[in-house]
Amino acid sequence: MAKVERHRAGEPKHEEAKMASGNVKVKAGTRPPWVGLAAAVWVQMAAGNAYTFPLYSPALKSVLGYDQRQVAMLGVANDVGENFGVVAGVLCNSLPPWLVLLVGAALCFLGFGTLWLAVSGTVLGMPYWLLWIALAIGTNSNAWFVTAVLVTNMRNFPLRRGVVAGLLKGYVGLSAALFTQVFSGLLHRSPTALLLLLAAGIPVVCLSTMYYVRPCTPALGAGGEEEDAMQDGHFAFAQAASVLLGAYLVGTTVLGTVVTLSDAASYALFAVTVLLLLAPLAIPVKMTLFRKKKPSPPMEPPAAATAEEEPLLIPSDPPPPADEDSDEKVAVLLAEGEGAVVKRKSRRPRRGEDFEFTEVLVKADFWLLWFGYFIGVGTGVTVLNNLAQIGAAAGIADTTVLLSLFGLGNFLGRLGGGAISEKFVRSPTLLLPRPVWMSLTQTVLAVAYLCLAYALSPGAVYACAAVIGVCYGAQFAVMIPTTSELFGLKNFGLFYNLMAVANPLGAVIFSEELAGRLYDGEAARQRHGGGGGGHPHACVGPECFRVAFVVLAACCAVGTAVSLVLAARIRPVYRALYAGGSFRLPNGNQQH
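Thresholds, definitions, all that
- Residues numbered from 1 in each chain as written.
- Predicted model: local features only at pLDDT ≥ 70, side-chain atom pairs only at ≥ 80, totals over all residues.
- Heavy atoms only, no water.
- Helix = DSSP H or I, 4+ residues; strand = E, 2+ residues; numbered from the N terminus.
- Buried < 20%, exposed > 50% of the residue type's maximum accessible area, 1.4 Å probe, protein only.
- Contact = heavy atoms within 4.5 Å.
- Areas by Shrake-Rupley, 256 points an atom, 1.4 Å probe, with all protein chains shown as cover.
- Salt bridge = Lys/Arg side-chain N within 4 Å of Asp/Glu carboxyl O.
- Phe/Tyr/Trp six-rings, centres within 6.5 Å; stacked < 30°, edge-to-face > 60°.
- Lys NZ or Arg CZ within 6 Å of the ring centre and 35° of its normal.
- 1 Å grid on protein atoms, 1.4 Å probe; cavity = no way out; pocket = protein on both sides within 12 Å on 5 of 7 lines; lining within 4 Å.
- Points joined across faces, edges and corners; volume = space filled by probe spheres on them.
- Disulfide = S-S within 2.5 Å.
- Expected span 1.5 Å × (residues − 1).

Draft legend 1. Seen up close, the overall build of the chain. Scanning the chain for helices and strands turns up 23 helices and 0 strands. Buried residues in the chain amount to 54% of all 592 residues. Considering only intrachain contacts with a sequence separation of at least 6, the fraction spanning at least 24 residues in the chain is 85%. When the accessible surface of the chain is summed, it comes to about 24,400 Å², and 67% of that surface belongs to carbon and sulfur atoms.

Below, the structure written as structure tokens:
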């Protein structure tokens, strides 16, 4: 009886998970979590539409006559929309995932549809401010897409948070290479056709997959080492399939720049891409065809402790038996009821437990993580938004390969950042907090920016684009599980989107105010001095971005120090969470 009461006491702590699940109850260890993960892959590939900005930004210059600073400011709208997900984060605990995806599909259609009307010439004289808002609305669909699938799958696989975050965010990074392949091969490099695809094709993908993105009751180690090994094998297969897809996309993009492909060849290459995108479905198919029979339990559980009452998140280890501490707490509660003692105020959550919004805002760890992430993604997105102009300044006419290299690096950084950080936080001998990897990648970013500042050649730009992509992607893979581990999964959707605000803010400061302003100033000097390219706002040579890259390198040095301070502060938290090499849910996540 005491066991059942303890179980009931744990239910309110998981009320948000049940509410988010839409009353969908699935037995632990069944296939739906893996079906949902496979569907999430397609949603994440669609959620990378913000990475297509370098593909159609030249059309904004040529068709609408904007200068580089105006284009950079549109890049800010691109980032603001993509990362402003606070509303989605708040609503993801009360709305089912399919409805969150539906809102994202509507925003995508409205925003990119407006851009298509302007670039195609269907509507003439559209004001700049309206296009800025339309682009922000279109890319804001990504915040709804990512929140729906990321929150759902982090809760479905709570013991593999780093791997899940790295895999799903990796596919978002890989989407840049996918859109580049489609743009170069199927759409014949037409910006208007690309915008039409973003406006109509992406909503269709999300509508066709949203039924399968649903919360499920996960298996949390109840099957022992054999079940853990099976899950590790499944994730390893999904990671290998994603790496193969990334290599294939970059290879086909490079092939398209070397030889002229016929329409039939382009369609055949894209068909292979679709098959590789379907690869994660092999996991639930395998679980269906080779279903393992489990022996019947020796005795039936008590009627009061049915599966209907089981919380979404339960500890991987069985709860310890009642001890003197528990007896003392019961005695205190009885005394409070009789008026013998004054009721104590409830304590604030400790790091690793579930935080509320107001509680997390006063934590130094939250702001250290936010600032370190702000430096990493803010400088990285500056390169992404100005990638076409950086390539042109180095004498690279075709920037599709450049974008593909950045996209592949972004994908590998997200996938590798999640997997590697997961490996080291579970190491009993060498436990490294995840922010250590954020500091390491920001050190590499500083070196890459200095290389671009003083050795801006085509070869250096290709190499640095890939390296910066890797380091940029690693910031996402480290930030996401760190946020959930420090502040819990209850309000993870909100906290993740608060962190994501760092991306557009970095774009405003580093891309528009720093890089865009310096670029236009150098372009004006070249134009008055008789240099520059054919476009009135073009800039050629290393001077176009030199000062900007030096400033970005200095900022990354500061970000490295901040991330190291955070890692030192939270090392004891990781020792407690991953004691013995396996994740343990804190007491605050077990009972309330």
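Here the narrative resumes, following the displayed structure.
Draft legend 2. Broad picture of the pattern of salt bridges. Applying the stated rule across the entire model yields 8 salt bridges. Glu485 is the salt-bridge partner of Arg434, the closest N and O atoms lying 2.7 Å from each other. Here the residue Arg434 occupies a position in the loop between α18 (400-425) and α19 (435-454), and Glu485 occupies one in helix α20 (residues 458-487), the gap between them amounting to 51 residues. Notably, a salt bridge pairs Glu513 with Arg517, separated by 2.8 Å at the nearest N-O pair. In this pair, Glu513 and Arg517 are both assigned in helix α22 (residues 502-528), 4 residues apart and thus about one turn of the helix distant. A single network of salt bridges, built from pairs that share partners, joins Glu422, Arg426, Arg434 and Glu485.

Draft legend 3. Spotlight on the packing of aromatic side chains. Counted according to the given criterion, the structure contains 22 aromatic pairs. Residues Phe371 and Phe374 carry aromatic rings whose centres are separated by 6.0 Å and whose planes lie at 35° to one another, so their mutual orientation is tilted. Pair noted here: Phe371 and Phe374 are both in helix α16 (residues 364-385), with a separation of 3 residues, about one helical turn. Judged by relative accessible area, Phe374 falls into the buried class, the value being 8%. Ring plane angle 80° and centroid distance 5.2 Å describe the contact between Tyr472 and Phe476, whose orientation is recorded as edge-to-face. With Tyr472 and Phe476 both in helix α20, this residue pair falls 4 residues apart, about one helical turn. The buried category is assigned to Phe476, whose relative accessible area is 4%. Taken together, the aromatic side chains of Phe355, Phe366, Trp367, Trp370, Phe371, Phe374, Phe487, Phe495 and Phe510 make up a single cluster linked through ring pairs. It is Arg214 that lies over the ring of Tyr211; its NZ or CZ is 4.5 Å from the centre. Just above the ring of Phe476 sits the side chain of Arg414; from NZ or CZ to the centre is 3.9 Å.

Draft legend 4. Up close: empty space enclosed by the protein. Enumeration over the complete set of coordinates arrives at 5 cavities of 30 Å³ or more. If you go around the largest cavity, you meet 18 residues; those closest to its centre are Glu82, Asn83, Val146, Lys169 and Tyr496. For the lining of the largest cavity, the elements supplying multiple residues, two or more each, are α5 (68-83), α8 (128-156), α9 (161-186), α20 and α21 (492-500).

Draft legend 5. Examining unusual backbone geometry more closely. Even without glycine at this site, His188 takes up a positive phi of about 55°. If you trace the backbone, His188 turns up in the loop between α9 and α10 (191-209). The backbone of Arg189 shows a phi angle near 55°, a positive value even though the residue is not glycine. Here Arg189 falls in the partly exposed class, since its relative accessible area comes to 34%.

Draft legend 6. Here's a closer look at the state of the cysteines. All chains considered together, the criterion is met by 1 disulfide. With its sulfur 2.0 Å from that of its partner, Cys539 forms a disulfide with Cys544. Between Cys539 and Cys544, the S-S dihedral sits near -95°, and the bridge is therefore left-handed. Across this residue pair, the class does not change: Cys539 and Cys544 are buried.

Draft legend 7. Representation of α5. With 16 residues, α5 extends 22 Å between its outermost C-alpha atoms, agreeing within 8% with the 22 Å of an ideal straight helix rising 1.5 Å per residue. Counted residue by residue, α5 has 12 buried out of 16 residues, so it is predominantly covered. Considered for burial, the residues of α5 that qualify are Gln68, Val71, Ala72, Leu74, Gly75, Val76, Ala77, Asn78, Asp79, Gly81, Glu82 and Asn83. Its buried side turned inward, α5 meets α4 (53-64), α8, α16, α17 (387-393), α21 and α22.

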